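Here is how the chains run, residue by residue.
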Amino acid sequence: MIAATRPIKRWLATPAGWRLTRPLRQSACLVLTYHRVSAPGDPFPGMPAPTFREQMRWLRSHCRVIEPGELLDESAFARTDRVPVLVTFDDGYRDYLANAYPVLRELGIRAINFVSTAFIDTGDPFWWDALFAAVQSTPLRAVSPPWAAGTRFDLDGGGRAEFLRACKRRLKELPEDDKAGELAVLAELLRVDLDRAVAGRQTMTWSEIRATRDHTTYGGHTHTHVIV
C-alpha cells in the first residue's frame, strides 16, 4: 500500500498537482510541525535530514513560507496557489541546532520552536525518550510487566515496537508526579541503567538557543511538558 501511494505523492508535489488540489485545501494557511530531524547514526528516530532539506526546498519553490508574526494576517486571506506555510518545531531538541537550523538559515526560512524550559535548564531527557532508550537497549528477549494482565511481549521483531506503544499508553495515563517512578520501575524490569541508555543531552542549551535566534522564534511549551 505504501509503495502504491508513492507515485501519487510525487505527482501531488508537482506544480500541476499542487494547483489541481487547491479546491481540496480547506485552510488559507498551513502550519507544519516537526520534532526531531535526524542524521545517520542518531540513537533516536526522527525525520531524516535529507528529507527535511527536500521539504524545505519544496516549500520555497511552491509555497510562501511566512514568519510566526504573520500567521494571523495570512490566515485571513483568500486561498492562493502559493499557500502561506508556517514551519514549527516542538520540544527544543538539540538536533534542531545540528540538522534543521543550518537548512533554515541556508534557505532563509524562519521557524518557531516551542521549548519546555525545565528540560532546557537541566538537560534531563523527556520521559518518552528515556522509555524508548530503555526498550531499545534491554538485553531481555521477552517481558511480562505486572500491569499488562499477563500479556507477554516478545521483544524480537515487531514485538519491541508493540511493547513500546503499550508503555507509552500507560505512562501517558499516569499523573505527572507518578511518571518518573513508574519509568524507574520499568527500567529495573528491563535491566537497563537509564543514565547510560540515554545518549547524552537531547535538548539545546540556552546558549545554543540564543545562537539560532537569527532564523528562529522561540515560544513556550510549558515548563515540564505536562500531558493532560
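Residues numbered from 1 in each chain as written. Predicted model: local features only at pLDDT ≥ 70, side-chain atom pairs only at ≥ 80, totals over all residues. Heavy atoms only, no water.

Caption draft 1: Seen up close, the overall build of the chain. In terms of regular secondary structure, the chain is built from 11 helices and 9 strands. Burial analysis of the chain (228 residues in total) assigns 41% to the buried set. In the chain, of all internal contacts separated by at least 6 residues, the share reaching a separation of at least 24 is 69%. When the accessible surface of the chain is totalled, it reaches about 12900 Å², and 55% of it is carbon and sulfur. (Helix = DSSP H or I, 4+ residues; strand = E, 2+ residues; numbered from the N terminus. Buried < 20%, exposed > 50% of the residue type's maximum accessible area, 1.4 Å probe, protein only. Contact = heavy atoms within 4.5 Å. Areas by Shrake-Rupley, 256 points an atom, 1.4 Å probe, with all protein chains shown as cover.)

Caption draft 2: Representation of helix 8 (residues 159-173) in the model. The end-to-end C-alpha distance of helix 8, which contains 15 residues, comes to 22 Å, matching closely the 21 Å that a straight helix rising 1.5 Å per residue would cover. Among all positions of helix 8, only Gly 159, Arg 160, Phe 163, Leu 164, Ala 166, Cys 167 and Leu 171 are buried. One side of helix 8 holds all its buried residues, which, seen down the axis, span an arc of 165 degrees. Facing away from the buried side of helix 8 by more than 90 degrees, the exposed set consists of Arg 169 and Glu 173. Close packing links the buried residues of helix 8 with helix 7 (127-137), strand 7 (142-143), strand 8 (153-154) and helix 9 (176-190). (Expected span 1.5 Å × (residues − 1). Arc of directions from axis to C-beta.)

Caption draft 3: Layout of the environment of Ala 134. By the secondary structure assignment, Ala 134 is in helix 7. Considering only alpha carbons, one finds Ala 134 and Leu 194, 60 residues apart in sequence, at a separation of 6.5 Å. For Ala 134, the residues in contact, after removing those within four places along its chain, are Leu 190, Val 192, Leu 194 and Ala 197.

Caption draft 4: A look at the pairing of strand 6 (residues 111-115). Within strand 6, 4 of the 5 residues are buried, which leaves the element mostly enclosed by the surrounding structure. Summarising the sheet, strand 5 (residues 84-90) and strand 6 pair through 3 bridges and their orientation is parallel. When the sheet's bridge partners are listed, Asp 90 is paired in strand 6 with Phe 114. (Pairing = 2+ DSSP bridges.)

Caption draft 5: Representation of the layout of surface pockets within the structure. Space inside the second largest pocket adds up to approximately 370 Å³. Of all the secondary-structure elements, those providing two or more residues to the lining of the second largest pocket are helix 7 and helix 8. For the lining of the second largest pocket, the per-class residue count stands at 9 nonpolar, 4 polar and 6 charged. (1 Å grid on protein atoms, 1.4 Å probe; cavity = no way out; pocket = protein on both sides within 12 Å on 5 of 7 lines; lining within 4 Å. Points joined across faces, edges and corners; volume = space filled by probe spheres on them. Nonpolar A, V, L, I, M, F, W, Y, C, P; charged D, E, K, R; others polar.)

Caption draft 6: The arrangement of the side chain of His 215 in detail. Along the chain, His 215 falls in the loop between helix 11 (206-211) and strand 9 (216-220). Judged by relative accessible area, which is 18%, His 215 ranks as buried. Aside from chain neighbours lying at most four places away, what touches His 215 is Tyr 96, Tyr 101, Leu 104, Arg 105, Gly 108, Ile 109, Arg 110 and Ala 111.

Caption draft 7: Just the pattern of salt bridges, in detail. With the rule as written, the count across this model stands at 7 salt bridges. Here Glu 208 and Arg 94 are joined by a salt bridge, their closest N and O atoms 2.8 Å apart. You can see Glu 208 sitting in helix 11 and its partner Arg 94 sitting in helix 5 (residues 94-107), a full 114 residues away along the chain. Note that Glu 176 and Lys 179 form a salt bridge whose closest N and O atoms lie 2.9 Å from each other. Taken together, the positions of Glu 176 and Lys 179, both in helix 9 and 3 residues apart, correspond to about one turn of that helix. (Salt bridge = Lys/Arg side-chain N within 4 Å of Asp/Glu carboxyl O.)

Any functional reading would require information that these geometric values do not contain.
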